[in-house]
Amino acid sequence: MKTGRRSSTMEAAVFILSLVDCCALIFLSVYFIITLSDLECDYINARACCSKLNKWVIPEMVGQCLSTMLMLVSMHWFIFLLNLPVAAWNIYRYVKVPMGNMGVFDPTEIHNRGQLKSHMKEAMIKLGYHLLCFFIYLYSMILALIND
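Residues numbered from 1 in each chain as written. Predicted model: local features only at pLDDT ≥ 70, side-chain atom pairs only at ≥ 80, totals over all residues. Heavy atoms only, no water.

As recorded in an unreviewed UniProt entry, the chain goes by the name Protein cornichon-like protein 4, listed as coming from Collichthys lucidus. Quoted verbatim from the Subcellular location (unreviewed entry) field of UniProt, the annotation for the chain is "Membrane". Of the chain, the UniProt comment under Sequence similarities (unreviewed entry) reads exactly: "Belongs to the cornichon family." (UniProt positions renumbered as here; feature names shortened; annotations may be inferred.)

Colleague: It is not clear to me how the UniProt feature "transmembrane region" (unreviewed entry) in the chain should be interpreted in this structure. Could you clarify?
Modeller: The sites that carry the UniProt feature "transmembrane region" (unreviewed entry) are, in the present numbering, residues 12-34, 69-92 and 127-146. The span residues 12-34 shows a helical share of 100% and a strand share of 0%, and its end C-alpha atoms are spaced 33 Å apart. Between the C-alpha atoms that bound residues 69-92 there is a distance of 17 Å. The span itself is 88% helix and 0% strand. (Helix = DSSP H or I, 4+ residues; strand = E, 2+ residues; numbered from the N terminus.)

Colleague: What's the story with helix H2 (residues 46-54) in this structure? I'm lost.
Modeller: Residues three or four positions apart in an α-helix share a direction because the helix packs 3.6 residues into each turn. Residues of H2 that are buried: Ala46, Cys49, Cys50, Leu53 and Asn54. The arc that holds the buried residues of H2, viewed along the axis, is 120°, so those residues lie on one side. (Buried < 20%, exposed > 50% of the residue type's maximum accessible area, 1.4 Å probe, protein only. Arc of directions from axis to C-beta.)

Colleague: Explanation requested: the packing of helix H3 (residues 57-73) against helix H4 (residues 77-95) in the structure shown.
Modeller: The geometry of a pair of packed helices is captured by two quantities: the angle between their axes and the separation between those axes. Between H3 and H4, whose axes approach to 8 Å, the crossing angle comes to 155°. Relative to H4, the element H3 lies roughly antiparallel. You can see that H3 and H4 cross each other, and the crossing is left-handed. Side by side, H3 and H4 meet where Val57, Ile58, Glu60, Met61, Gln64, Cys65, Ser67, Thr68, Met71 and Leu72 of the first sit next to Trp77, Ile79, Phe80, Asn83, Leu84, Val86, Ala87, Asn90, Ile91, Arg93 and Tyr94 of the second. Among the residues making up the contact of H3 with H4, the classes are represented as 14 nonpolar, five polar and two charged. (Axes fitted to C-alpha atoms, helices over the stretch in contact; angles between N-to-C directions. Parallel < 35°, antiparallel > 145°, perpendicular 65-115°, else oblique. Left-handed = near helix turned anticlockwise from the far one by under 90°. Contact = heavy atoms within 4.5 Å. Nonpolar A, V, L, I, M, F, W, Y, C, P; charged D, E, K, R; others polar.)

Below, the structure is given as C-alpha cells:
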C-alpha cells in the first residue's frame, strides 16, 4: 500500500513541476510574440529585438527538454511523445544557426524572406501548444491528486 501511495505522490509531483514549467514556457511564448510584434510595428530595432529574443532561446529549450525528460522518466508515454517533436525542433533550430549569425534570431536576416512572419507564426503555434499542454498537465495533476 505504501508503494502505491508513494507512486501516486511522485506522479502528482511530476505533473506539478511540469505545470510550473509549462507556465514559464507560456510566458516565454507571449514574450516572443510581443517582442516580434514590436519589431513588426517598428517600436524597436532589429538588433534590440534579436538580442532580447536570443537571450531566452536556451532557457526555452531547457524548459521544453525538462518537461520531455520528466514524462520519459515517469513513463507517461503519450505526453512524452507529444513533447518530443517540440523539444527536437528547439534543439534543431539552435544547432542549425549558421556561423556568423547572432543566434536563432539574427538582425541582418530577420526582415529577409519573411523570417519575421515565420518567427511570429512559430511563436503563435508554440503558445497554442503550451496552452494545450497546460490543460493536459492540469487534468493529469488533478487526477493524480484525487487518486492519492
